[in-house]
Amino acid sequence: MFLNSICNHFRTSHRYVNGTLKERIRHVSTSPVMSGLMEFFDDEKNWGSSEVKTGRSWTKDDLRIKSNTDLHKLWYVLVKEKNMLLSMEHEHNEQVRLFPSPERLDKVLDSMENLEEVVRERNRAYYELETTELGEQPHKTVTGPFGLPVDYHETEHSIPKEVNAQWQKEQNVKCRPEDVKAFLLKYKEREYLENRRRQRRDFNHVIGLLNRFPKMDMEALKEQYPDVDIEKAKASRKYKPPVVFD
């Protein structure tokens, strides 16, 4: 309704000429309407399912044999799929329901990361062939004003840096050494506490998995949580070994 009203407004408008109402016709072209907001939702046949069967992610070897046009199209397909999965995940969280096959989002993100890397490979190869340079923005790791490493990307300026007062002012931002030392102490303390909380959370999560799935693959569990001592988790009081009946 809203789209039709807008189109009608642009197709037909009115004006007065010598006191007489005249109708003016203007033709416009509009893109076809697809599915509207339903593009942000999964297929209806998957609604209520506990598991959705999907394939694997796109590997770099798969993408290297694709043309640039195909990679461009595939990128937008992956972006659309990512938006759909994020919308469905948010909706399931709002409804306090289990999101089926959450690994789908990981596969999409892995595919997008591999696609970007393949495009960078082609750009580097092209610029090396044409200009003997990589063609990427040069960058280096420098120490920021707060004592932390910062990835600095070099950019071109119309004024040389020797006489560029604005650039020199931005680069010479420094803090007092005692302030930097106090900041780094607090920063490392926060990192330490966050790592402790993460390790404790993973440890308790592994115990919960062992209680619910006593026959699960231990090798896969160690690969998923390499920082958790599985034997220590089994020796915890929270671990409840399965009862075996003779």
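This write-up is about the structure you can find in this document. What you see is a predicted model; the values in this text were computed from it and never measured.

**Examining the pattern of salt bridges**
Tallied over the entire structure, the rule returns 10 salt bridges. Across the pair Glu 117 and Arg 124 runs a salt bridge whose closest N-O atoms are separated by 3.2 Å. Given the relative accessible area of 21%, Arg 124 is considered partly exposed. Look at the salt bridges and you will find they share partners, linking Asp 61, Arg 64 and Glu 121 into a network.

**Points about the side chain of Ser 111**
Looking at the secondary structure, you find Ser 111 in helix H4 (residues 103-131). Classification of Ser 111 as buried rests on a relative accessible area of 2%. Here Lys 107 takes part through its backbone oxygen, which lies 2.8 Å from a polar atom of the side chain of Ser 111. Other than its neighbours up to four places away in sequence, Ser 111 contacts Ser 57, Trp 58, Leu 63 and Leu 78.

**Observations concerning the pairing of strand E3 (residues 139-143)**
Bridge count for E3 against strand E4 (residues 149-153) is 5 bridges, and the pairing is antiparallel. When the sheet's bridge partners are listed, Lys 140 is paired in E4 with Tyr 152. Between E3 and E4, which pair antiparallel one after the other, the connecting turn spans 5 residues, and Gly 147 there sits at a positive phi close to 85 degrees.

The rules behind each value
- Along each chain, the written sequence defines residue order, and numbers are assigned to residues from 1.
- pLDDT decides what is reported in this predicted model: residues at 70 or higher carry local features, side-chain atom pairs at 80 or more are listed and counted, and totals for whole chains, interfaces and linings draw on all residues regardless.
- Side-chain metrics rest on all non-hydrogen atoms present in the structure, leaving aside hydrogens and water.
- Salt bridge, as used here, is a side-chain nitrogen of Lys or Arg placed within 4 Å of a carboxyl oxygen of Asp or Glu.
- Only protein chains enter the calculation, and the probe is 1.4 Å; a residue is then buried if its accessible area is under 20% of its type maximum, exposed if over 50%, and partly exposed in between.
- Helix numbers and strand numbers start at the N terminus; a helix is a DSSP run of H or I with at least 4 residues, a strand a run of E with at least 2.
- Side-chain atoms alone can form a polar contact between residues adjacent in sequence; in general such a contact is a pair of N or O atoms within 3.5 Å, and within protein one must be able to donate a hydrogen while the other accepts it.
- Should any heavy atoms of two residues lie within 4.5 Å, those residues are considered in contact.
- When DSSP locates at least two bridges between a pair of strands, those strands are taken to pair.

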